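Examining the three-dimensional arrangement
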Amino acid sequence: MSSVLVQAALPTARATRWTPGAALAGLLVAATALTGYADRPADLVLAIAAAGLAATVVAGLQDPAAALLEALPVSVMRRRVLRLAVVGAPALAVWWLLDSLSTAQLSGPGPLLALTATGVAVAVWAPPRRAVLLGASTPVALFTLHQVVPSGTTSDVIAWWLTDPWWVLAAATLLCVAGRRR
Amino acid sequence: MTTTTHTATGTLLETAGITKRFGSLTAVDDVDLGLGRGIVGVLGPNGAGKTTLLRILATVLAPDRGSLSLLGLDPASPTARTEVRRRLGYLPQSPRLYTGFTPLEMVDYVAILKEHTDAAWRRREAAAVLEAVGLGDRMHKRIRTLSGGMQQRVALASALVGSPDLLVLDEPATGLDPEQRIALRSVLAETAHRGCVVLSTHNTAEVAALCQHVLVMDRGRICWSGTPAALAGEAEGRVWESDVEEPTALRSWLTGPGTRRHVGTPPAGASPAVPTVDDGYLLVTRLAR
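Residues numbered from 1 in each chain as written. Chains lettered and ligands numbered in written order. Predicted model: local features only at pLDDT ≥ 70, side-chain atom pairs only at ≥ 80, totals over all residues. Heavy atoms only, no water.

**Focus: the packing of aromatic side chains**
Residue and element names in this part refer to chain B. Heads up, the condition is: Pairing of aromatic side chains here covers Phe, Tyr and the six-membered ring of Trp, requires ring centres within 6.5 Å, and sorts the geometry by plane angle: under 30 degrees stacked, over 60 edge-to-face, intermediate tilted. With a 1.4 Å probe rolled over the protein chains alone, any residue whose accessible area is under 20% of its type maximum counts as buried; one over 50% counts as exposed, and the rest are partly exposed. Under the DSSP-based scheme used, a helix requires at least four consecutive residues in state H or I and a strand at least two consecutive residues in state E, with every element numbered from the N terminus.
Across all of its chains, the model carries three aromatic pairs over all chains by this definition. Taking the centre distance of 5.0 Å and the plane angle of 50° together, the rings of Tyr98 and Phe101 count as tilted. Each member of the pair Tyr98 and Phe101 is classed as buried. Here the aromatic rings of Tyr98 and Tyr109 are separated by 5.7 Å at their centres, their planes lie at 55°, and the arrangement is tilted. With Tyr98 in the loop between strand E5 (88–91) and helix H3 (103–113) and Tyr109 in helix H3, this pair connects stretches of sequence that are eleven residues apart. The class for Tyr98 is buried, based on a relative accessible area of 3%. Take Tyr109: its relative accessible area is 2%, and that puts it in the buried class. Through pairs of rings, three or more aromatic residues link up here, namely Tyr98, Phe101 and Tyr109.

Listed below in structure tokens is the structure:
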């Protein structure tokens, strides 16, 4: 099986749309560099980066040929994992680049991974027709809610992806595993 | 309970009472099948449940009720399902492809996901199936530059790769011109020598030319089963032509020469016409309602 996935990695990468992610990465690098140059805190830029990159990774699950590949021995879950690996690796590299360019307190890939896993969990459990759209919207929605919801218990819960990202990652991963047959 | 048996050398596909519901809609209702080698055509009006039945037979959907055996295995078990999928080819309705790939790359990718890890064999096989569907001279062109019919044939080649024992095709002739349809018949006839081909279509002429067995579906049930000749025979003595409308006919339609063709119980004095598969199909779907 691993040999199959290794051989499928390159065509999977070629079957993925890279333009939106590359454009987002360019914008984020420029914004982070500018905040560093202006000696301004980059926490907000990194939070936006976490949400934007997570959304891009989850959107990478969109497979135009999914219907044709539905009845193949390599299950949809394995193909999703492969797509996540293919799109997630460059997203992590971009994250580390942004992290190294900034002096923000929001360091480490925890928030990015937490938001990505949450988005994937939503995609796994959402109705198939809208799964990727809903999953990719989730990181952006969580970031937006974090910005607009006034301080309080609800705000604290929404901010778990920032304050307790590894717990969120673990919970979302469990949800993904539980829905692996979907 | 619907019972349909297609006898051939060994049963490759067997269902017992399979039912699939989507909310309050029963898409497939208590279907029993036993199919061996050969080509089986599934006819039926839109919404009859053909696609849902084919998705179940392709292991894409699990039935809510009933049992299913494909190639002697029960796809309800994940291990058996994977084994069935290694020997299965599936063409969904209106498939989409990676338009930046060439046909050769697309079929090669599907072959990888069918767990064929020998790259040299895979390339040869992909080229062979593309040749078989008449795309030998286009296999290195980008898919986005191909016509709709050619793209349909790339998808068909993807289903054929690896010589599957069970081929499930949802409207495979969509977008194909008459010459391509004839080529498709040859390809499927070859596959049917070693395995079972189940295809859905709206084209009764296709069924008459290609299939050894026909299933007519309506409202999720199989309302008729038999050979194409037997389906045409259902309308024997029950089809006639006239210049006027016949209120007693079950179905009437205007023909090319301007006369009206009717199926049903002919009035006294009407001279029966030679029945076709179309007539038989229209009759059995009307009688099923």
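**What to know about the interface of chain A and chain B**
Rule in force here: Note on definitions: a residue-residue contact is assigned when non-hydrogen atoms from the two residues lie within 4.5 Å. The term buried area refers to how much accessible surface (probe radius 1.4 Å) is lost by two components on association, counted for both of them together. By definition here, a salt bridge exists when the distance from a side-chain nitrogen of Lys or Arg to a carboxyl oxygen of Asp or Glu is within 4 Å. What qualifies as a polar contact is a pair of N or O atoms within 3.5 Å, subject to a donor-acceptor requirement within protein and to the restriction that residues adjacent in sequence count only when both atoms come from side chains. Each residue is assigned to one class: nonpolar for Ala, Val, Leu, Ile, Met, Phe, Trp, Tyr, Cys and Pro, charged for Asp, Glu, Lys and Arg, and polar for all the others, Gly among them.
Each partner contributes to the interface: chain A provides 23 residues, whereas chain B provides 33 residues. Carbon and sulfur atoms supply 66% of the area buried between chain A and chain B, which totals about 2,300 Å² over both sides. The interface formed by chain A and chain B contains two salt bridges. One salt bridge in this structure joins Glu70(A) and Arg55(B), with 3.2 Å as the shortest N-O distance. At the surface where chain A touches chain B, the tally comes to eight residue pairs in polar contact (both at pLDDT 80 or more). Elements with a contribution of two residues or more to the side of chain A that touches chain B: helix H1 (2–14) and helix H4 (76–101) of chain A. The leading source of residues in the side of chain A that touches chain B is H1(A), at seven residues. Grouping the amino acids of the side of chain A that touches chain B by side-chain chemistry returns 14 nonpolar, three polar and six charged.

**Remarks on helix H3 (residues 43–59) of chain A**
Residues and elements named next belong to chain A. We apply this condition: Here a helix's expected span is defined as the number of its residues, less one, multiplied by 1.5 Å.
With 17 residues, H3 extends 24 Å from end C-alpha to end C-alpha; this agrees with the ideal 24 Å at 1.5 Å per step. The buried count for H3 comes to twelve of 17 residues, which makes it a mostly enclosed element. Those residues of H3 not exposed but buried are Val45, Leu46, Ala47, Ala49, Ala50, Ala51, Gly52, Leu53, Ala54, Ala55, Val57 and Val58.

**A closer look at the side chain of Thr12(A)**
Along the chain, the position of Thr12(A) falls in helix H1. Classification of Thr12(A) as buried rests on a relative accessible area of 1%. For Thr12(A), the side chain forms a polar contact with the side chain of Tyr109(B), separated by 2.7 Å. Those residues in contact with Thr12(A) that lie beyond four places of it in its chain are Leu82(A), Arg83(A), Val86(A) and Tyr109(B).

**Re the UniProt feature "domain: ABC transporter" (unreviewed entry) in chain B**
Threshold: UniProt positions are given in the numbering used here, feature names are shortened, and annotations may be inferred rather than shown by experiment.
UniProt records the feature "domain: ABC transporter" (unreviewed entry) for residues 13–244 of chain B in the present numbering. For residues 13–244 of chain B, the end-to-end C-alpha separation is 47 Å, with 37% helix and 27% strand making up the annotated structure.

**Focus: the pattern of salt bridges**
Residue and element names in this part refer to chain B. Tallied over the entire structure, the rule returns 17 salt bridges over all chains. The residue Asp64 makes a salt bridge to Lys20 at a minimum N-O spacing of 3.4 Å. With Asp64 in the loop between helix H1 (50–57) and strand E4 (65–70) and Lys20 in strand E1 (residues 13–22), this pair connects stretches of sequence that are 44 residues apart. The class of Lys20 is buried, set by a relative accessible area of 11%. Among the ionic pairs, Arg87 bridges to Asp165, the shortest N-O distance being 2.9 Å. Of the two residues, Arg87 sits in the loop between helix H2 (78–86) and E5 while Asp165 sits in the loop between helix H5 (148–160) and strand E6 (166–170), which places them 78 residues apart along the sequence. Exposure remark for Arg87: the relative accessible area of 30% places this residue in the partly exposed category.

**A look at the domain arrangement of chain B**
Residues and elements named next belong to chain B. To keep it simple, the criterion reads: Delimitation of the domains relies on an automatic or database domain assignment.
The domains assigned to chain B are domain 1 (1–87 + 171–226), domain 2 (95–163) and domain 3 (232–287). The C-alpha-based centres of domain 1 and domain 2 are spaced at 24 Å. The partner domain 2 presents eight residues to the twelve residues of domain 1 that form the contact. Of the roughly 920 Å² buried between domain 1 and domain 2, counting both surfaces, carbon and sulfur atoms make up 57%. Along the contact surface separating domain 1 from domain 2 lie one salt bridge. Here Glu115 makes a salt bridge to Arg86, at a shortest N to O gap of 2.4 Å. For the interface between domain 1 and domain 2, the tally reads three residue pairs in polar contact (both at pLDDT 80 or more).

**Here we look at the sheet that holds strand E8 (residues 213–218) of chain B**
Residue and element names in this part refer to chain B. What counts is decided by this rule: Two strands are said to pair when DSSP picks up at least two bridges between them. Inter-axis angles, ranging from 0 to 180 degrees, are taken between N-to-C directions of lines fitted to C-alpha atoms, where helices are fitted over the stretch in contact.
Ordered by their spatial adjacency, six strands build an open sheet running E5-E6-E7-E3-E8-E9, and the pairing between neighbours is mixed. Looking at which strands have only one partner, the edges of the open sheet turn out to be E5 and strand E9 (221–226). Averaged over all adjacent pairs, the angle separating strand axes in this sheet is 15°, with direction ignored. Bridge count for strand E3 (residues 38–43) against strand E7 (residues 196–200) is five bridges, and the pairing is parallel. Each residue of the ladder has a partner; that of Val42, found in E7, is Ser200.

**Side note on the packing of H1(A) against H4(A)**
Residue and element names in this part refer to chain A. Put simply, the rule reads: Any angle between 65 and 115 degrees counts as roughly perpendicular, while under 35 counts as roughly parallel, over 145 as roughly antiparallel, and the rest as oblique. For any pair of crossing helices, the crossing counts as left-handed if the nearer helix is rotated counterclockwise from the farther one by less than a right angle, and right-handed if it is rotated clockwise.
In the contact formed by H1 and H4, the axes pass within 10 Å of each other and the chain directions differ by 60°. Between H1 and H4, the crossing angle belongs to the class labelled oblique. The interaxial crossing formed by H1 with H4 has right-handed handedness. When H1 is examined against H4, the residues Leu5, Ala8, Ala9, Thr12 and Ala13 are found in contact with a partner set consisting of Arg78, Leu82, Arg83 and Val86. Across the contact of H1 with H4, the residue classes tally to six nonpolar, one polar and two charged.

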